[in-house]
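Structural overview for review
Chain by chain, the residues:
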Amino acid sequence: MSLLKRPPICPYHGTPLVLSHHGTKSNTGSPLIEVRGAPIRYCPACLAQGRDTSVEAEAAASNAFLRKLERLIESSDFPGELQRPLVQVDFNPRRAEPPGPAGGVIYSAGGQPVAESSEAGESIGSFRPRKPRHSLDQLVLDVDTLGRIREAVNVLLAQDLLFDVWNLAAVARTGRRVALNFYGPPGTGKTLAADAIADLLGREILTISYAELESKYVGETPKNIKAAFASAATSGALLFFDEADSILGKRLTSISQSADNSINVARSTTLIELDNFDGVVIFASNLVKNYDSAFLRRMLAHVAFRLPAAEQRQAIWQCHLPPQLPLAADVDLTELARFSEGAAGGDIQNAVLLAASYASMRSGAERVVALHDLERAISFILDGKRRILDGSE
Ligand SMILES: Nc1ncnc2c1ncn2[C@@H]1O[C@H](COP(=O)(O)OP(=O)(O)O)[C@@H](O)[C@H]1O
Ligand SMILES: [Mg+2]
């Protein structure tokens, strides 16, 4: 699916982005694959000003190709002394040199670039978008939730038609901005979905955890929120606010404690920034009953993430068992799905790791993951969760 049938527009200059064959692409994270060239679209005026507004052309297609290649390498046997090959992928061999303007610019609080591709990661308020690591095909959801995600994503995919050709820009209160709220219990795939949507859109993702912002940078939260929006506006990254519960709730009217006040300030800052932003924002929260109506009005859609039913649990077990993991013959996914009632995808992910660790402690023919390992691991995780929720611990 190409997102770029019509060239995207530079958010600063309003001019169509120009196709360049000099783009660079960071790879999927596989140490075995090195990616050299990937065509990008960029704004020459921004480039001259040292600003990076480039987007990768056909990112979803090249990402999908790289993932396939990675799976192929991983699932192939290399005999004897031979090692897995290091594969160099050049998406546009004749025109890949020299490297283009795409690259990691880091933005500090206030939106000023502080460094180009340096390791400033931990400095207060520096926000660097990253490439998505997941794709929609890794997300197992019920038909209803998946349908809602697809509908919301289509607004993004069809933006040029909707806003420019059909001129909905004239009536859309929120401009081109699309804000979504994903809510549901922990471990049900909200973070994974945000990542996969960025991947589908060929954008980077910038994740901000409100909980972290509030605890780590006391008094600095509004500045950091502004920096995050500035970085996303410039890089075109999808902005993902994780653990956004406190921010989405109703504003507190009686301010008795300064901590409450700081939540209100963060909330107003987010609303103001949201109104000036025309990119993609996703909020993730647990079920919030008391949404602030100011946020409600600004969201295009609320998507509920539920605990997976047996059918989805089976698929989630399946996709968390890599082909290299030695499994005993008795591992039966239907049985596991039945046994793991009440488990979220995140619990299944943890159970596989735990079960594999049980198996790793054995030797010889016993060193395989058996059904009882997986059942024991998921029981252990679910029992722990139940005890905490019951308050018995
Ligand atoms: N619906 C799902 N489909 C596939 N995997 C899932 C799903 N939900 C959770 N997982 C697994 O659990 C991990 C953690 O889920 P995450 O997206 O962080 O949940 P949340 O953000 O809702 O707390 C994922 O990376 C994935 O491995
Ligand atoms: Mg999450």
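This one's a predicted model, so the numbers in the text were calculated from it and none came from an experiment. (Residues numbered from 1 in each chain as written. Chains lettered and ligands numbered in written order. Predicted model: local features only at pLDDT ≥ 70, side-chain atom pairs only at ≥ 80, totals over all residues.)

A closer look at the site of ligand 1
To be explicit about the condition: We count a residue as near a molecule or strand when its backbone-placed C-beta atom lies within 6 Å of that partner. Every helix listed is a DSSP run of H or I at least four residues long, and every strand listed is a run of E at least two residues long, numbered separately from the N terminus. Each residue receives one of three labels: charged for Asp, Glu, Lys and Arg, nonpolar for Ala, Val, Leu, Ile, Met, Phe, Trp, Tyr, Cys and Pro, and polar for the others, Gly being one of them. Start and end positions for the domains come from either an automated domain assignment or a database one.
Of all residues adjacent to ligand 1, which total 17 residues, the nearest are Gly189, Lys190, Thr191, Leu192 and Gly345. When contributions to the shell around ligand 1 are tallied by element, the ones reaching two or more residues are α5 (190-201) and α13 (345-360). When its residues are assigned to classes, the shell around ligand 1 shows 8 nonpolar, 8 polar and 1 charged. Here the shell around ligand 1 spans two domains, since at least three of its residues come from each of domain 2 (123-304) and domain 3 (310-390).

Things to note about the nonpolar core
Rules: What we call a nonpolar core is a set of buried Ala, Val, Leu, Ile, Met, Phe, Trp, Tyr and Cys residues whose membership is set by joining through C-beta atoms within 7 Å. Residue burial is a threshold on neighbouring C-beta atoms within 10 Å of the residue's own C-beta, all placed from the backbone, with 20 or more meaning buried, 12 or fewer meaning exposed, and counts in between meaning partly exposed.
Among the nonpolar cores identified, the biggest contains 67 residues, and Ala194, Leu238 and Leu239 are the most heavily contacted of them. Counting 10 residues, the second-largest nonpolar core is a separate cluster that includes Cys10, Ala38, Cys43 and Ala57.

Notes on the sheet that holds strand β3 (residues 40-42)
In a beta sheet, neighbouring strands are held together by backbone hydrogen bonds and run either parallel or antiparallel to one another. Filter applied, for reference: Any two strands with at least two DSSP-identified bridges between them are counted as paired.
Reading across from one edge, β1-β3-β4 is the order of the 3 strands in this open sheet, with antiparallel pairing throughout. What marks the edges here is a single partner per strand, and that holds for β1 (18-20) and β4 (55-56).

Brief notes about α5
Operational definition: Here, expected helix span is obtained from the residue count minus one, scaled by 1.5 Å. Whether two residues are in contact depends on their C-beta atoms, placed from the backbone: they are in contact if these lie within 7 Å.
Across its 12 residues, α5 extends 17 Å between first and last C-alpha, which sits within 8% of the 16 Å expected from 1.5 Å per residue. Most of α5 sits inside the fold, with 12 of its 12 residues counted as buried. Next to the buried residues of α5 lie α2 (59-75), α3 (143-157), β8 (178-183), β9 (205-209), β10 (238-242) and β11 (280-285). Directly beyond the C-terminal end of α5, a positive phi value near 70° is found at Gly202.

Describing the sheet that holds β11
Rules: To obtain an axis, a line is fitted to C-alpha atoms, over the contacting stretch when the element is a helix, and the angle between two such axes runs from 0 to 180 degrees between their N-to-C directions.
Strand order in this open sheet of 5 strands is β9-β10-β11-β8-β12, and the pairing throughout is parallel. Taken across any chain shown, the strands that pair with only one partner, and hence form the sheet edges, are β9 and β12 (301-304). The sheet shows a mean angle of 20° between the axes of neighbouring strands, taken without regard to direction. Taken together, the 3 bridges between β10 and β11 define a ladder with parallel strand orientation. Along β11, the bridge assignment pairs Phe241 with Phe283. α3 contacts β8, β11 and β12 of the sheet and is inclined by roughly 150° relative to β12.

Section: the pairing of β11
Counting buried residues in β11 gives 6 out of 6 residues, a clear majority hidden from the surface. With burial as the criterion, each face of β11 is covered, one bearing Val280, Ile282 and Ala284 and the other bearing Val281, Phe283 and Ser285. As judged from the 6 bridges shared by β8 and β11, these two strands associate in the parallel manner. What sits directly across from Phe182, in β11, is Ala284.

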